[in-house]
Each structure stands twice: as C-alpha cells, then as structure tokens.
Amino acid sequence: LNLNAPQWFQFQFDERLGIELLIVYEDWDAIPKKVREQIIFHWEDIRGRIPDRIKTLDHQLEEIQQTINQEQNWERICDYFTESHTIATIINELNIWYRTQQEV
C-alpha cells in the first residue's frame, strides 16, 4: 500500500479485534480511484484473515466452556462467563467487518 500518498486514510491495528481497521479522513469519493483500489486491495487481504481469527476465538470459547464445566468456584465461573461474553462480542464484530465490502 502506498503510504507516501497524502493522508487520506490509515489502517490502524485494533488490539481487541486483532485486525487492522480502515480510518478514512476524507470523503471516500474525494480519494483518487487508484488509491481507493489500493485501499480495497489491502482491506480484502485483512478481510480474508478474519475467518481464521474467528476460528481462534471459537476455540478459546470452547476451552472456557470446558473450564466452566469443571469449575466449582462460583466467582471464577462468573469471571469465565464475562470472558466468554467479551469473546463472543468480538466474534460478532468480526463477522460484521467480514461482511463489510467496500466498492471503488
């Protein structure tokens, strides 16, 4: 991606989601078509990795569920449920981003 272009946009890593997200500083149509194509190409690369990220998080949810099934301490069970909820929320957001398709 040509980062020498004027500052029309930036991809910024989102720690919580584990992917880069696009931040656009200009109206999309004001960005030259060639740059928009580069942005979309980069986004499609990121988007293509989202299913693997979701699969990793699903695996974490399964591990937490197994731990909950064996846990006897109610406070720890509540902590695990909170952690599960957080992961499920991330998965939901990733699914939304995965369905997001930009057009030139």
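Residues numbered from 1 in each chain as written. Predicted model: local features only at pLDDT ≥ 70, side-chain atom pairs only at ≥ 80, totals over all residues. Heavy atoms only, no water.

1. A few points about the overall build of the protein chain
- The number of helices and strands found in the protein chain is two helices and two strands.
- If you list the helices and strands of the protein chain from N to C, you get β-β-α-α.
- For 104 residues, the compact-globule estimate of 2.2 N^0.38 gives 13 Å, and the C-alpha radius of gyration of the protein chain, at 18 Å, exceeds that figure by more than 25%.
- Considering only C-alpha atoms, the protein chain reaches an extent of 60 × 20 × 20 Å along its principal axes.
- Burial statistics for the protein chain: of 104 residues in total, 27% are counted as buried.
- Contacts spanning at least 24 positions in sequence make up 55% of the contacts within the protein chain whose residues lie at least 6 apart. (Helix = DSSP H or I, 4+ residues; strand = E, 2+ residues; numbered from the N terminus. Rg over C-alpha atoms; globule rule 2.2 N^0.38 Å. Buried < 20%, exposed > 50% of the residue type's maximum accessible area, 1.4 Å probe, protein only. Contact = heavy atoms within 4.5 Å.)

2. Overview of the environment of Ile31
- Residue placement: Ile31 occurs in the loop between strand 2 (19-24) and helix 1 (33-70).
- Separated by 17 residues in sequence, Ile31 and Gly48 place their C-alpha atoms 24 Å apart.
- Excluding residues that lie within four positions of it along the chain, Ile31 makes contacts with Trp8, Val24, Glu26, Arg36 and Ile39.

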